[in-house]
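Geometric and topological summary
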Amino acid sequence: MKRLLHPLSPAPGMASPENYSDPSFSATVIAWQKQHGRHALPWQNTRDAYLIWLSEIMLQQTQVTAVLGYYARFLERFPTLRDLAAAPVEDVMAQWSGLGYYTRARNLHKCAQRVVAEYDGVFPSDPLLLAELPGIGRSTAAAISAFSSGTRAAIMDGNVKRVFARTFGIDAYPGEKKVEEAMWRRAEALLPETGIEAYTQGLMDFGATLCTRSSPDCGRCPLQARCVAYASNRVKDLPVRKPKKSSPEKHAIMLVVIDKGQVLLEQRPTTGIWGGLLSLPELDGHVLRNGALPAVDDEDLARAVLPFGEIESRVALLPIVHVFTHYKLHIIPCRVTLARRLSLAGEATHVWYDGSKIADAPLPAPIKKLLLDLFGNAQAAQRSMF
């Protein structure tokens, strides 16, 4: 069977591999989790791999509090893996709208279809097979396998990296490949012989409730006596932060074309920012900023709107700033009303969407908020006339 880890030299700040094993570490984590850890989350106390997998994907780079509502609504719409696999991807994206990192939703749908087609709707228990499925990396595969099948496999998410960096005094950036691989080696060596579910959940709970990024509760931590960061007064310094890079700024002129209670939306490409979602039409895409934000040119606006109708009026709306992982986007919305609407015949990428249904539309969060505000205000104004 293929090994998860490969031999390598210790990275800076790491102990040698032969010193990684420590049964008392896992025993402490398990005992703490059983008494103080989280036990009532909706995806706990089950061996259903579908429920566990869904939660693990949603929790990638997302807080538990943000996931809870989405998780419940998602299961209401797709109660089984086969329901999810059979659904149109547009329905999946609509349920995911607002949760962010939309590649997760597309991979979720692809993964469900793969499991149905290749495994008759049953997730494999082997983490190596799980890791080959769309959207499931090495750590997520281990978590799914541990919780659904009791497989003895190591996880390595952001919480675990933080706990390890502080407890063992790792003075190197965990995102560096050699450091991360050494941390994986340590994670494998620290696995308990029994109680893998409580241990895995315990590591997650430690990072989420005690060993948090800011204001860690060291006074209640059962690992305090062995914590190198605590003993050396370096809790705030560890884990070592990623070297800062300047974040580029871009702008996008977006057209809010409204007519008869509907707004014109455009289907974005399946790859890239907001891939697969509906959004507002843009004049030039996301363009690098160079100084002040640009004004909307009347001729460019007329050409962009021409295939959809004749412009009656235009109003510049307040700019919106949205921060992505790799850049900051300044959205310049321009509201356009039409004197006459043209047919969308042959326009496969555009659709007129009812303003009353915007809340359920598969839209990026900042665009949905903008449209909800616009249509909410418009509806309120209309009601006030009667």
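Below or above, wherever it landed, is the structure these notes cover. The structure displayed is predicted, hence computed values, not measured ones.

Here is what the cut-offs are and how they apply
- Residues numbered from 1 in each chain as written.
- Predicted model: local features only at pLDDT ≥ 70, side-chain atom pairs only at ≥ 80, totals over all residues.
- Heavy atoms only, no water.
- Helix = DSSP H or I, 4+ residues; strand = E, 2+ residues; numbered from the N terminus.
- Buried < 20%, exposed > 50% of the residue type's maximum accessible area, 1.4 Å probe, protein only.
- Contact = heavy atoms within 4.5 Å.
- Areas by Shrake-Rupley, 256 points an atom, 1.4 Å probe, with all protein chains shown as cover.
- Lys, Arg positive; Asp, Glu negative; His and termini not counted.
- Charge placed at Lys NZ, Arg CZ, Asp CG, Glu CD.
- Axes fitted to C-alpha atoms, helices over the stretch in contact; angles between N-to-C directions.
- Parallel < 35°, antiparallel > 145°, perpendicular 65-115°, else oblique.
- Nonpolar A, V, L, I, M, F, W, Y, C, P; charged D, E, K, R; others polar.
- Pairing = 2+ DSSP bridges.
- Phe/Tyr/Trp six-rings, centres within 6.5 Å; stacked < 30°, edge-to-face > 60°.
- Lys NZ or Arg CZ within 6 Å of the ring centre and 35° of its normal.

**With respect to the overall build of the protein**
Looking only at helices and strands, one finds 14 helices and 8 strands in the protein. With the C-alpha coordinates aligned to their principal axes, the bounding extent of the protein is approximately 75 × 50 × 45 Å. Taking all 386 residues of the protein together, 46% fall into the buried category. Partitioning the intrachain contacts of the protein with sequence separation of at least 6 by distance along the chain shows that 70% fall at a separation of at least 24. Roughly 19,500 Å² of accessible area belongs to the protein as shown, and the carbon and sulfur atoms make up 53% of that amount. Separation between the mean location of the 44 positive side-chain charges and that of the 38 negative ones in the protein comes to 5 Å.

**Considering the packing of helix H9 (residues 158-167) against helix H11 (residues 196-210)**
Where H9 contacts H11, the axes come no closer than 8 Å and their chain directions differ by 80°. Our classification of the angle between H9 and H11 gives roughly perpendicular. Between H9, through Asn-159, Val-160, Arg-162, Val-163 and Phe-164, and H11, the contact on the second element is made entirely by Tyr-199, Leu-203, Met-204, Phe-206, Gly-207 and Ala-208. Within the contact of H9 with H11, the residues separate by chemical class into 8 nonpolar, 2 polar and 1 charged.

**Quick look at the environment of Ile-57**
Here Ile-57 shows up in helix H2 (residues 49-58). For Ile-57 and Arg-38, which are 19 residues apart along the polypeptide, the C-alpha to C-alpha distance reads 18 Å.

**Some remarks on the pairing of strand S1 (residues 249-259)**
With respect to burial, S1 is a largely interior element, 10 of its 11 residues being buried. Bridge count for S1 against strand S7 (residues 328-341) is 10 bridges, and the pairing is parallel. Bridged to Val-257 within S7 is Val-336. In this structure, S1 lies alongside strand S4 (residues 287-288), joined through 2 bridges in antiparallel fashion. Counterpart to Lys-250 in the pairing with S4 is Leu-288. In terms of strand pairing, S1 meets strand S2 (residues 262-267) through 2 bridges, oriented antiparallel. Across the sheet, residue Ile-258 finds its bridge partner in S2, namely Val-263. Between the end of S1 and the start of S2, which pair antiparallel, lie 2 residues, with Lys-260 showing a positive phi angle near 55°.

**What about the packing of aromatic side chains?**
This structure, assessed with the given rule, holds 12 aromatic pairs. On the basis of an interplanar angle of 45° and a centroid distance of 5.1 Å, the ring pair of Phe-324 and Tyr-327 is categorised as tilted. A single burial state applies to Phe-324 and to Tyr-327, both of which are buried. Aromatic rings pair up to connect Phe-25, Phe-164, Phe-168 and Tyr-199 into one cluster. The residue whose ring lies beneath Arg-186 is Phe-168, and the NZ or CZ to ring-centre distance is 4.1 Å. The ring of Trp-352 carries Arg-341 above its face, with NZ or CZ at 3.9 Å from the centroid.

**Structural notes on the environment of Ile-332**
Structurally, Ile-332 can be placed in strand S7. In this structure, the C-alpha to C-alpha distance between Ile-332 and Trp-352, residues 20 residues apart in sequence, is 21 Å. Residues in contact with Ile-332, not counting those within four places in the same chain, are His-251, Ala-252, Ile-253, Met-254, Leu-293 and Pro-294.

**Some points on the packing of helix H1 (residues 23-36) against H11**
Between H1 and H11, the shortest axis-to-axis distance is 8 Å and the interhelical angle comes to 75°. With respect to H11, the element H1 is oriented roughly perpendicular. Residues Phe-25, Ser-26, Val-29, Ile-30, Trp-32, Gln-33 and Lys-34 of H1 pack against Ala-198, Tyr-199, Gln-201, Gly-202, Leu-203, Asp-205, Phe-206, Thr-209 and Leu-210 of H11. Here the contact of H1 with H11 is built from residues that sort into 9 nonpolar, 5 polar and 2 charged.

**Brief notes about unusual backbone geometry**
Following Leu-238, the chain continues to Pro-239 via a peptide bond in cis, the omega torsion being 0°. Looking at the element boundaries, Pro-239 is found in the loop between helix H12 (228-231) and S1. Of note in this structure, Asn-45 is not a glycine but carries a positive phi near 60°. For Asn-45, the position within the fold is in the loop between H1 and H2. At Ser-215, a position not held by glycine, the phi torsion is positive, near 55°. Position of Ser-215 relative to the elements: it lies in the loop between H11 and H12.

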